[in-house]
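# Understanding the architecture of this molecule
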Amino acid sequence: MIGPAAGPLRILHLEDSDLDAELIEAELENLGHPVVIERVITRDEFAAAAVEGRHDIILADYVLPTFDGVSALGIARKQCPDTPFIFCSGTLGEEVAVEAIKNGATDYVTKQRLDRMSRTIVRALAERRARHDKRAAEAALQTLNDTLEARILERTRELAVSNAALEDQIVERERAEDALRLSQRLEAVGQLTSGVAHDFNNLLTVIAGNIEFLERAVTDERSKRRLAMMRGAAARGANLTAQLLAFSRRQRLVPTPVSLNRTVVSMRDLLQSSIGGSIQIETTLQDGLWPALIDATQIELVILNLAINARDAMAVGGRLAIETANVTITGRPTRPEQPQPGDYVMISVSDTGTGMPPEVLSRVFEPFFTTKETGKGSGLGLAQVFGFIKQSGGGIRIDTVLGEGTSFKVYLPRVEETEMEMCAEVPPAENATAHCPASQAVILVVDDDAGVREVTVTRLSEAGYELREATSGLQALAALEADPHIDLVVLDFAMPGMNGAEVAAEIRKRWPTMPVLFVTGFADTAALADAGANGPDAIVLKPFRKGELEQKVATALGGRTTPGLRLVSDRTKIV
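Residues numbered from 1 in each chain as written. Predicted model: local features only at pLDDT ≥ 70, side-chain atom pairs only at ≥ 80, totals over all residues. Heavy atoms only, no water.

If you tally the helices and strands in the chain, you get 16 helices and 19 strands. For the chain, the residues scored as buried account for 42% of the 575 residues in total. Accessible surface, the chain: about 29900 Å² in total, of which carbon and sulfur atoms supply 55%. (Helix = DSSP H or I, 4+ residues; strand = E, 2+ residues; numbered from the N terminus. Buried < 20%, exposed > 50% of the residue type's maximum accessible area, 1.4 Å probe, protein only. Areas by Shrake-Rupley, 256 points an atom, 1.4 Å probe, with all protein chains shown as cover.)

Next up on the list: the confidence of the model for the chain. Residues at a pLDDT of 70 or more form 82% of the chain, whose mean pLDDT is 81. A low-confidence stretch, residues 421-438 (pLDDT under 50), is modelled with 11 contacts involving residues beyond four sequence positions or located in other chains. Scored below 50 in pLDDT, residues 561-575 shows 27 contacts in the model against residues more than four places distant or in partner chains. (pLDDT = per-residue confidence, 0-100. Contact = heavy atoms within 4.5 Å.)

Next up on the list: the pattern of salt bridges. Scanning all chains against the criterion turns up 31 salt bridges. The partner of Glu462 in a salt bridge is Arg216, with the nearest N and O atoms 2.1 Å apart. On the criterion of sequence distance, the pair formed by Glu462 in helix H12 (residues 450-462) and Arg216 in helix H5 (residues 117-217) is long-range, its members being 246 residues apart. Under the relative-accessibility criterion, Arg216 is labelled partly exposed at 47%. (Salt bridge = Lys/Arg side-chain N within 4 Å of Asp/Glu carboxyl O.)

Attention now moves to the environment of Ala494. Relative to the helices and strands, Ala494 resides in the loop between strand E15 (486-492) and helix H14 (500-510). On the basis of relative accessible area, Ala494 is assigned to the partly exposed category, the value being 23%. When the C-alpha atoms of Ala494 and His198 are compared, they prove to be 8.6 Å apart, with 296 residues separating the residues in sequence. Contacts of Ala494, omitting those with residues within four sequence positions, involve His198 and Asp448.

Another point: the nonpolar core. Counting 39 residues, the largest nonpolar core has Leu260 and Leu412 as its most contacted members. Only helix H7 (260-275), strand E8 (292-295), helix H8 (296-313), strand E9 (319-329), strand E10 (342-350), helix H10 (381-391), strand E11 (395-401) and strand E12 (405-413) provide two or more residues apiece to this core. Filtering out sequence-adjacent residues up to four positions away, Leu260 remains in contact with Leu289, Ala292, Ile294, Ile299, Thr324, Val345, Ile347 and Leu412. Counting residues in hydrophobic clusters, the runner-up holds 23 residues, among them Ala50, Ile58, Phe85 and Tyr108. (Core = buried A, V, L, I, M, F, W, Y, C linked by side-chain atoms within 4.5 Å.)

The next thing to look at is the packing of aromatic side chains. According to the stated counting rule, one finds 5 aromatic pairs in the structure shown. On the numbers, 6.2 Å between centres and 55° between planes, the contact of Phe46 with Phe67 is tilted. Residue Phe46 is found in helix H2 (residues 43-49), and its partner Phe67 is found in the loop between strand E3 (57-60) and helix H3 (69-79); the two are separated by 21 residues along the sequence. For the pair Phe46 and Phe67, a shared accessibility class is recorded, and that class is buried. Ring plane angle 65° and centroid distance 5.4 Å describe the contact between Tyr62 and Phe87, whose orientation is recorded as edge-to-face. (Phe/Tyr/Trp six-rings, centres within 6.5 Å; stacked < 30°, edge-to-face > 60°.)

As a further point, take the sheet that holds strand E1 (residues 9-14). Taken together, the 5 strands give an open sheet; going across it, the order is E2-E1-E3-E4-E5, and neighbouring strands pair in parallel fashion. Of all the strands in the sheet, the pair left with one neighbour each is strand E2 (35-40) and strand E5 (107-110). Neighbouring strand axes in the sheet, compared pairwise and without regard to direction, differ in orientation by 20° on average. In this fold H3 packs onto E1, E3 and strand E4 (85-89), with an angle of close to 170° to the strand it touches most, E4. (Pairing = 2+ DSSP bridges. Axes fitted to C-alpha atoms, helices over the stretch in contact; angles between N-to-C directions.)

Moving on, we get to the sheet that holds E10. Ordered by their spatial adjacency, 5 strands build an open sheet running E7-E9-E10-E12-E11, and the pairing between neighbours is mixed. Each edge of the sheet is formed by a strand with only one pairing partner; in this case those strands are strand E7 (280-284) and E11. Neighbouring strand axes in the sheet, compared pairwise and without regard to direction, differ in orientation by 20° on average. Relative to E12, E10 is paired through 7 bridges, and the arrangement is antiparallel. Across the sheet, residue Ile347 finds its bridge partner in E12, namely Val410.

With that out of the way, let us pick up the packing of H7 against H8. Contact geometry for H7 and H8: axes closest at 10 Å, N-to-C directions at 40°. As summarised for this structure, H7 and H8 are arranged oblique, according to the angle between their axes. In the packing of H7 onto H8, the handedness of the crossing is right-handed. Across from Leu260, Thr263, Met267, Leu270, Leu271, Ser274 and Ile275 in H7, the residues of H8 making contact are Ile299, Glu300, Ile303, Leu304, Ala307 and Arg311. (Parallel < 35°, antiparallel > 145°, perpendicular 65-115°, else oblique. Left-handed = near helix turned anticlockwise from the far one by under 90°.)

Right, let's talk about the side chain of Ser407 for a bit. Within the fold, Ser407 resides in strand E12. A polar atom in the side chain of Ser407 sits 2.8 Å from the side chain of Ser350. If we ignore the near neighbours within four places in the chain, the residues touching Ser407 are Ser348, Val349, Ser350, Arg397, Ile398 and Asp399. (Polar contact = N/O pair within 3.5 Å; in protein donor to acceptor, adjacent residues only side chain to side chain.)

In this section: H14. All of the buried residues along H14 are Gly500, Val503, Ala504, Glu506, Ile507 and Arg510. Taken around the axis of H14, the buried residues stretch over an arc of 160°, which confines them to a single face. Capping the start of H14 is the job of one residue whose side-chain oxygen sits 3.1 Å from the backbone nitrogen of Ala501: Asn499. (Arc of directions from axis to C-beta.)

If you want it as structure tokens, here you go:
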């Protein structure tokens, strides 16, 4: 390949001699390649023709009548520096030729040796192509170098973004793992505490019941004082087990629409007296606050617990702020106590106290964990708050800064419009008619714990009822088969073998009209509901509160609709 894209070789020829021009043209035929020659003689013609990209090579005589080759070389270097320039002269000496090459000529050929012309042209074109390729490579390298920094910066930015995303994923994973470990720890503690509470409540039932019986028989004041101390200790134990059951979310709740604004206003005097006059209480209550679907009694305990904790966090004086608001949560929870996305009624209790360090914050809801001095706190207040809020379907967020204070934000489920309508349609419950002891109603008491059973039987016997006893579910069913005059079954919920739920299910199948009153120290609300314990009047919690067992027995007997038992299995009516 000689010409560009294998086209004809374009030559600008500066020559005043017609004969020399013909000789040179004839020699160019030896190239074996088509040639297009543009011949000029004067300076003006040459200057007009010497344009970049118009010719592939320039051939110039050294001496012309009105012009010279050195001037032509100067014009070519200025106007088309990339075009090879070859002198072809009969008067060009060695020294002049060398000087011409120094000034920018590509090569020279004497007219006496025109046979060198073809080789000289081929070499000049090859050198031009090499220079062109070199410049292209240098330009590409320069472009590469020019963009290298930008590409490095872009890649660095991409790596930084990827690294940041990876770090976020690591942080999120660690947070999720921490939340899972905390949730598992709280769940394990909850299972343990609920089991302990059940057994402890059985013991307290026996202790409290027998203290009550002894108080009736004791006459001297010293013994009465000791019994009163024992009764108070039993009551404190019952309160502790209630808090444990609240933490493990096993307490019996009666959710109703509650106005938190009214609750806060009604509790203001109680809160002020509980936290002392040196602490200022401020309230910010939102207008148009949604009603919350919660147990009204329990939410008062929650507010009181949080206020007392806030008081203890403030050494002398301080400010307690209570705020209510309608809140919509969109983000996913990062800790077990935090709320799921949704609409909530929020109540916050904030203090200007010491705040909490991370190691305290991570354990703040664990039962029996406390930073207070011995004897000044059981470590169950916040555990009870946690259990109630989670059981109610809400959540808690804690914002705390060391040395500045802490804010507990409690999120409670709102009452939807349909729920409000349903609540409005429910008629008020009629007062149960107390059962007359003279009717000698027969009650079957079923409990595997002999001590608890004796206390239950004694209380009901003193209330004027006739009692039957059974130590298991199978004995209870056998007693019902044998005695058609039983009017009520008082049934322990947690028993070995056949538990209370299974016994109740069998009773409903065989004696559909038989009322059942559950007695339990372990209020598994879901299992109780499945067993047919509808409403608080169908359950008596251990240890018994004064008069509660008798009142609920009377309520259950007052609601019975038939005088006898109907045995479904053999289709016979027993009267």
